[in-house]
Each structure stands twice: as structure tokens, then as C-alpha cells.
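# Descriptive analysis of the structure
Chain by chain, the residues run as shown.
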Amino acid sequence: MTSQEKNQVVDPVCGARLDPGRTPRQVRRGSHIYYFCSPECMARFNQNSGRYLKGKGFIARFIDRLARAGRREYGSGRPCCHG
Ligand SMILES: [Zn+2]
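Report on the accompanying structure. (Residues numbered from 1 in each chain as written. Predicted model: local features only at pLDDT ≥ 70, side-chain atom pairs only at ≥ 80, totals over all residues.)

Attention now goes to the overall build of the protein chain. Within the protein chain one finds 3 helices and 4 strands. Written out in order from the N terminus, the α and β elements of the protein chain read β-β-β-β-α-α-α. Of the contacts formed within the protein chain by residues at least 6 apart in sequence, a portion of 27% connects residues at least 24 apart. (Helix = DSSP H or I, 4+ residues; strand = E, 2+ residues; numbered from the N terminus. Contact = placed C-beta atoms within 7 Å.)

In C-alpha cells, the structure reads:
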């Protein structure tokens, strides 16, 4: 029987598939519960949860990229003060 497959959840950190009934490592954020395969994944999520939550999607990545491009444009020119 494979009926329990639809109860699987995904570890948001590493993408592992987990059975929520057998996973004691859970973190609640708002109305959502996240499950983790290991203490390492749970710790990583707690340290940097914004990165793994849905909020950081396409737009945020786009802004990150713009910021990085801007830094490259202004930050790394030829050294101008030392001859
Ligand atoms: Zn994991």
C-alpha cells in the first residue's frame, strides 16, 4: 500500500521527504509546521528561516542580484588614489 505517501512533507532545508508522524523535529511558523530530517537542518532553519520561507521568492532574488551588480559596478574599479 502506498497510501501514506500523500502524507509526506518536505524538509525545507535539504528537500528530504519525511513522514510527519515519525518526525519529532518540527518548527511552527504562524499556521504552518515545518519538519526536518535532522537537528542540523532544524538549526539551519532557525538561524536563517527567512531564506527558507515562501516570502523569499523571485522578487527578492532579483533585488539581491541588482544589489550585487551595483556593488560590482561601483566597488571594483581600478585603484585611483595610489599611483
Ligand atoms: Zn534535512
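Turning our attention to the pairing of strand β4 (residues 32-35). Where strand β3 (residues 26-29) and β4 come together, 4 bridges link them in antiparallel fashion. If you follow R28 over to β4, its bridge partner there is I33. Connecting β3 to the antiparallel partner β4 that follows it, the hairpin turn spans 2 residues, and G30 within it adopts a positive phi of roughly 60°. (Pairing = 2+ DSSP bridges.)

Next up on the list: the nonpolar core. Core analysis: the largest hydrophobic core is formed by 6 residues, namely V13, Y34, Y35, F36, C41 and F45. Broken down by secondary-structure element, the contributors of at least two residues to this core are β4 and α1 (39-47). Apart from the residues lying within four places of it in its own chain, the contact partners of C41 are D11, V13, C14 and F36. (Core = buried A, V, L, I, M, F, W, Y, C linked by C-beta atoms within 7 Å. Buried ≥ 20, exposed ≤ 12 C-beta atoms within 10 Å, placed from the backbone.)

Along the chain, R25 turns up in the loop between β2 (17-18) and β3. The class for R25 is partly exposed, based on 16 C-beta atoms found within 10 Å. The spatial distance from the C-alpha of R25 to the C-alpha of C41 is 9.4 Å, given a sequence separation of 16 residues.

Mapped onto the secondary structure, N46 falls in helix α1. Along the primary structure N46 and V27 are separated by 19 residues, whereas in three dimensions their C-alpha atoms are 8.3 Å apart.

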